[in-house]
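Summary of structural features
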Amino acid sequence: MLAGEGANVHVDHWRRGLGALSSRLDAEMRRWRGAGKPPFQFELVGPFRWDGAFPLSPPSDRFADRALYMLGLWRVLRDIDGVADVDQSNWDVRLYVFGARVPGWDGSFAEGIGIQNGEVALVRASAGGDIFLPLQVIGHELLHTVGASDKYDDGGHALEPEGLVEPEMAPRYPQVHAEWMVGEVPVSPGAGKPPSSLDDLGVGPVTAREIGWAPLVRLAASSTRGPAWPGR
Ligand SMILES: [Zn+2]
């Protein structure tokens, strides 16, 4: 955990939040494959003051830009690990959260990247106040690291059916949950509303297969049925 200028990181608040995120992901894994070891357990290191770069994306999608970006990212993470005295080999996934303050803005925000099938994710987010949005984005980027792909269209809305947690629901809309790899609760095709708590987020059948929570089967109309929600 890194703290930028003016950012107030309340460690206990973040520990509790990460615990809640871990529980929510655990509940989703159990829904798919039954009881087991929690899929994600967090250990918070820091916060450390950080005034250096925190590159979230290459300037363009060109190969040269992406290659330069990865090189720059590697250098930045090496520097952060030095400050935080982190031994990379002790972790399955390293998640770098940069608590930042946007002057004149007290609301929450979060943006990030997760290297798909990688071991690194970065999130730049508001650190104080309500941290639901940062936790939502952290969950999203972590799911990228274990193989999940994005499931939203250019407008940020759910792709059908892969962006739905319950594609088999009839009628299909409104959905109850936001697919974690989409980020909004679909209310009708091409439209959605923001989730308001971790309980509003879920892992749909396609993400569950990508991350190994559900068996790999060919995507067919009859195979999109997920397990029942507890208590529903
Ligand atoms: Zn994503």
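What follows deals with the overall build of the chain. Counting secondary structure elements, the chain contains four helices and nine strands. For the chain, the succession of helices and strands along the chain, N to C, is β-α-β-α-β-β-β-α-β-β-β-β-α. If you line up the chain on its principal axes, its C-alpha atoms span 50 × 40 × 35 Å. Split into buried and exposed, the 232 residues of the chain put 36% on the buried side. Of the contacts formed within the chain by residues at least 6 apart in sequence, a portion of 62% connects residues at least 24 apart.

Looking now at the environment of Val176. For Val176, the location among the structural elements is in the loop between helix H3 (132–145) and strand S6 (178–179). Counting along the chain gives 19 residues from Val176 to Pro195, while the straight-line C-alpha distance between them is 9.6 Å.

By domain assignment, the chain separates into domain 1 (1–147) and domain 2 (151–232). Between the C-alpha centres of domain 1 and domain 2 the distance comes to 23 Å. Taken together, the contacts link 16 residues of domain 1 with 19 residues of domain 2. Of all elements in the fold, only helix H1 (11–33) and H3 reach the threshold of two or more residues within the side of domain 1 that touches domain 2. Per-element tally for the side of domain 1 that touches domain 2: the top contributor is H1, with eight residues. By residue class, the composition of the side of domain 1 that touches domain 2 is eight nonpolar, four polar and four charged.

Turning next to the packing of H1 against H3. Remark: H1 packs on H3, axes separated minimally by 10 Å, with the N-to-C direction vectors making an angle of 50 degrees. On the basis of their axis angle, the class for H1 and H3 is oblique. H1 and H3 meet at a crossing whose hand is right-handed. Between H1 and H3, the residues in contact are Gly17, Leu21 and Leu25 and Leu135, Ile138 and Gly139, respectively. For the contact of H1 with H3, the residue count by class is four nonpolar, two polar and no charged.

A few words now on the environment of Ile80. Mapping Ile80 onto the fold places it in helix H2 (residues 63–84). Considering only alpha carbons, one finds Ile80 and Ala53, 27 residues apart in sequence, at a separation of 9.8 Å. With sequence-adjacent residues up to four places away left out, Ile80 is seen in contact with Leu2, Trp50 and Tyr96.

This brings us to H3. Between its terminal C-alpha atoms H3 stretches 20 Å, which fits the 20 Å expected from 14 residues at 1.5 Å a residue. In terms of burial, H3 is a largely internal element, 13 of the 14 residues being buried. Gly147 occupies a position one or two residues after H3 and carries a positive phi of about 115 degrees.

Cut-offs used in this document
Residues numbered from 1 in each chain as written. Predicted model: local features only at pLDDT ≥ 70, side-chain atom pairs only at ≥ 80, totals over all residues. Helix = DSSP H or I, 4+ residues; strand = E, 2+ residues; numbered from the N terminus. Buried ≥ 20, exposed ≤ 12 C-beta atoms within 10 Å, placed from the backbone. Contact = placed C-beta atoms within 7 Å. Domains from an automatic or database assignment. Nonpolar A, V, L, I, M, F, W, Y, C, P; charged D, E, K, R; others polar. Axes fitted to C-alpha atoms, helices over the stretch in contact; angles between N-to-C directions. Parallel < 35°, antiparallel > 145°, perpendicular 65-115°, else oblique. Left-handed = near helix turned anticlockwise from the far one by under 90°. Expected span 1.5 Å × (residues − 1).

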